Amino acid sequence: MGDMSEAKIKTIGVLTSGGDAPGMNAAIRAVVRTAIQNGVAVKGIKQGYAGLLKEKIIDMNSSSVSDIIQRGGTVLGTARCPEFRTAKGQKQGVEICKKHGIDGLVVIGGDGSFAGAQKLANLGVATVGVPGTIDLDIACTDYTIGFDTAVNTAMEAIDKVRDTSTSHERCNIIEVMGHTAGYIALWCGIANGAEDILLPEKYDYDEQALINNIIRNRKLGKRHHIIVNAEGIGHSASMARRIESATGIETRATILGYMQRGGSPTCRDRYIASLMGAYAAMLLCSGKSMRVVAFKNDQCVDYDINEALRMQKDISAYEFEVGRLLSR
Ligand code: ADP
Ligand code: F6P
């Protein structure tokens, strides 16, 4: 980790960017308190890169992050900022950091946010990324802040839909978030015992196979039929209409939507966010830049941002096969 007594950095900033995720507050709290205890001042930047460009910058101290660890969302606010994708926006961001004495920045967000951090680091502002997204779609890390809360929220919702599916002997399609990745769908599909799990990474568009499976299960005496569909596939409502007309079995679609992003973070999200946030602040305080914090084999490690952004992640054949096997 390096000798923090030799810290060259005097002030760091912290921002959250992209979609909010439960546990981001625990990460902010960890960044602020770790930096302060290492003699480094902290400024909070509101509304992600958009707030940076608008100079929405506040001083933070230990008590500014009191009473937030249990709250969902992000107290700093977040945004998507198209302007920051441009060289002009990035240059302006660097000038604003310099103006406010911000030597280093912790960016809590997903791959897009890390691409922004990469640009800032190239232009002379030290940056460290912390993976914060419910989607689990960051290749360098086993864990992203918010995923655990989101899958537990979705799992509980799907259990509830299943009660009605059984009572009415219906087929229910439940669409979960995940952007282009299927991790939330995979985890919920397995944890909820879904009859079918549709993942963007593996989807073959064979709707007839789905229909055959529903008819077969009904003949076997199953009263419910749950299909967990990933947002990256989408079209749940039209899929439901086609399945109902092909099977004669009442079929309904439910899109869980933003309820999956909110809510008080689970213990796991608070715990890992705290470890990662503290680690990110220590990296900056010890003079590191262009790093991403990752959680691998139950501990924090860090990667070069360029390397992290080049990594690829996929759902393994084993995980996919287990989902398929257990639903039969
Ligand atoms: P996430 O961080 O969750 O992947 P986005 O992809 O929406 O979310 O990215 C969040 C923000 O990061 C964007 O709105 C933009 O301001 C910034 N960003 C994304 N991609 C780039 C890029 N290639 N260069 C600079 N900034 C970027
Ligand atoms: O990245 C988190 C996420 O909720 C994705 O699952 C989803 O595709 C996207 O954000 C929705 O973003 P927005 O808040 O811009 O609608």
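Rules used in this analysis
- Residues numbered from 1 in each chain as written.
- Chains lettered and ligands numbered in written order.
- Predicted model: local features only at pLDDT ≥ 70, side-chain atom pairs only at ≥ 80, totals over all residues.
- Heavy atoms only, no water.
- Near = heavy atom within 4 Å.
- Polar contact = N/O pair within 3.5 Å; in protein donor to acceptor, adjacent residues only side chain to side chain.
- Areas by Shrake-Rupley, 256 points an atom, 1.4 Å probe, with all protein chains shown as cover.
- Helix = DSSP H or I, 4+ residues; strand = E, 2+ residues; numbered from the N terminus.
- Nonpolar A, V, L, I, M, F, W, Y, C, P; charged D, E, K, R; others polar.
- Salt bridge = Lys/Arg side-chain N within 4 Å of Asp/Glu carboxyl O.
- Buried < 20%, exposed > 50% of the residue type's maximum accessible area, 1.4 Å probe, protein only.
- Axes fitted to C-alpha atoms, helices over the stretch in contact; angles between N-to-C directions.
- Left-handed = near helix turned anticlockwise from the far one by under 90°.
- Contact = heavy atoms within 4.5 Å.
- Core = buried A, V, L, I, M, F, W, Y, C linked by side-chain atoms within 4.5 Å.
- Domains from an automatic or database assignment.
- Patch = residues over 30% accessible without salt bridge, like charges linked within 9 Å, V, L, I, M, F, W, Y side chains within 5 Å.
- Parallel < 35°, antiparallel > 145°, perpendicular 65-115°, else oblique.
- Pairing = 2+ DSSP bridges.
- Buried area = accessible area lost by both parts, 1.4 Å probe.

Asks: Would you mind showing me how to read the site of ligand 1 here?
Replies: In the vicinity of ligand 1, 15 residues are found, and the nearest of them are Arg80, Cys81, Gly110, Gly112 and Ser113. Contacts to ligand 1 include Gly110, whose backbone N or O atom sits 2.9 Å from an oxygen atom. In the model, an oxygen atom of ligand 1 is placed 2.4 Å from a nitrogen or oxygen of the Ser113 side chain. Considering ligand 1 on its own, with 550 Å² of exposed area, one finds that the protein chains cover 82% of that surface. Looking at the shell around ligand 1, the element that brings in the most residues is helix α4 (residues 111–122), giving 6 residues. Taken together, the residues that form the shell around ligand 1 break down as 4 nonpolar, 7 polar and 4 charged.

Asks: What am I meant to see in the pattern of salt bridges here?
Replies: Under the defined criterion, the tally for this structure stands at 13 salt bridges. Notably, a salt bridge pairs Lys296 with Asp142, separated by 3.8 Å at the nearest N-O pair. Residue Lys296 is found in strand β10 (residues 291–296), and its partner Asp142 is found in the loop between β5 (126–131) and α5 (147–168); the two are separated by 154 residues along the sequence. Using a relative accessible area of 25% as the deciding quantity, one classes Lys296 as partly exposed. Connected via shared salt-bridge partners are Arg170, Glu250 and Arg252.

Asks: Sorry, what's going on with the packing of helix α1 (residues 24–37) against helix α9 (residues 267–285) here?
Replies: Helix packing geometry: the angle between the two helix axes and the distance between the axes. Relative to each other, α1 and α9 sit at 35°, their axes nearing to 7 Å. Classified by chirality, the crossing of α9 by α1 is right-handed. Taking contact as the criterion, the partners of Ala26, Ala27, Ala30, Val31, Thr34 and Ala35 in α1 are, on α9, Arg270, Ala273, Ser274, Gly277, Ala278, Ala281, Met282 and Cys285. Across the contact of α1 with α9, the residue classes tally to 10 nonpolar, 3 polar and 1 charged.

Asks: Would you take a moment to explain the site of ligand 2 for this structure?
Replies: Close to ligand 2 lie Arg80, Thr133, Ile134, Asp135, Met177, Gly178, His179, Glu231, Tyr258 and Arg261. Between ligand 2 and Arg261, the relevant distance is 2.7 Å, taken from an oxygen atom to a side-chain nitrogen or oxygen of the residue. Here ligand 2, which alone exposes 400 Å², has 75% of that area covered by the protein. Of the residues assigned to the shell around ligand 2, the class counts are 3 nonpolar, 3 polar and 4 charged.

Asks: Just checking my understanding: could you explain unusual backbone geometry for this structure?
Replies: The general pattern is negative phi for most residues beyond glycine and trans for most peptide bonds. Although it is not a glycine, Glu169 sits at a positive phi angle of roughly 50°. Of note, Glu169 is situated in the loop between α5 and β6 (171–176). Even without glycine at this site, Tyr205 takes up a positive phi of about 60°. Among the structural elements, Tyr205 can be located in the loop between β7 (196–198) and α7 (207–219). For Tyr205, a relative accessible area of 63% puts it in the exposed group.

Asks: What am I meant to see in the nonpolar core here?
Replies: Generally speaking, a soluble globular protein has its nonpolar side chains buried in company with each other. With 62 residues, the main nonpolar core has Ile12, Val14, Val106 and Val293 as its most contacted residues. Per element, the largest residue contribution to this core is 9 residues, and it comes from α9. Looking at this core, you find at least three residues from each of domain 1 (4–146 + 265–310) and domain 2 (148–261). When near neighbours in sequence (up to four residues on either side) are disregarded, Val14 contacts Val31, Val32, Val42, Lys43, Gly44, Ile45, Met60, Leu76, Leu105, Val106 and Ile108. Within the second largest apolar cluster, 29 residues are counted, among which are Cys97, Leu105, Ala294 and Ala308.

Asks: Even after reading the chapter, I still don't get a nonpolar patch on the surface, so can you show me in this structure?
Replies: Side chains of Ile190, Leu325 and Leu326 sit close together on the surface and give an oily, nonpolar patch of about 300 Å² of accessible area. Position of Leu325 relative to the elements: it lies in helix α11 (residues 317–325).

Asks: Help me understand the environment of Gly112 in this model?
Replies: With respect to the helices and strands, Gly112 occurs in helix α4. Residues Gly112 and Ile255 lie 143 residues apart in sequence; the distance between their C-alpha atoms is 25 Å.

Asks: Help me out: how do you make sense of the packing of α7 against helix α8 (residues 236–247) in this one?
Replies: Where α7 meets α8, the axes come as close as 10 Å, and the angle between the chain directions of the two elements is 55°. Put simply, α7 runs oblique to α8. Here the hand of the crossing between α7 and α8 comes out right-handed. Taking contact as the criterion, the partners of Glu207, Leu210, Ile211, Ile214 and Ile215 in α7 are, on α8, Met239, Arg242, Ile243, Ala246 and Thr247. Tallied by class, the residues present in the contact of α7 with α8 amount to 7 nonpolar, 1 polar and 2 charged.

Asks: Sorry if this is basic, but what is going on with the sheet that holds β6 here?
Replies: In a beta sheet, neighbouring strands are held together by backbone hydrogen bonds and run either parallel or antiparallel to one another. The 4 strands are arranged β7-β8-β6-β9 in an open sheet whose pairing can be described as parallel. Edge positions in the open sheet fall to β7 and β9 (251–255), since each of these has one partner strand only. Along the sheet, successive strands turn relative to each other by an average axial angle of 15°, direction set aside. Across the sheet, α5 touches β6 and β8 (225–230), and the angle it forms with β6 is around 165°.

Asks: Explain the domain arrangement of the protein chain to me, please; I cannot follow it from the model alone.
Replies: Note: interface size is frequently given as the accessible area lost on complex formation between the parts. Considered domain by domain, the protein chain is made up of domain 1 (4–146 + 265–310) and domain 2 (148–261). Computed over C-alpha atoms only, the centres of domain 1 and domain 2 are separated by 35 Å. On the side of domain 2, 13 residues touch domain 1, which itself brings 15 residues to the contact. When the area that domain 1 buries against domain 2 is broken down by residue, the three leading residues are Ile134, Asp135 and Leu136, summing to 43%. Linking domain 1 with domain 2 are 1 salt bridge. Taking the shortest distance from any N to any O, the salt bridge between Arg261 and Asp20 comes out at 2.7 Å. Viewed at the interface, domain 2 and domain 1 are joined by 8 residue pairs in polar contact (both at pLDDT 80 or more). Class assignment of the residues belonging to the side of domain 1 that touches domain 2 gives a composition of 6 nonpolar, 3 polar and 6 charged.

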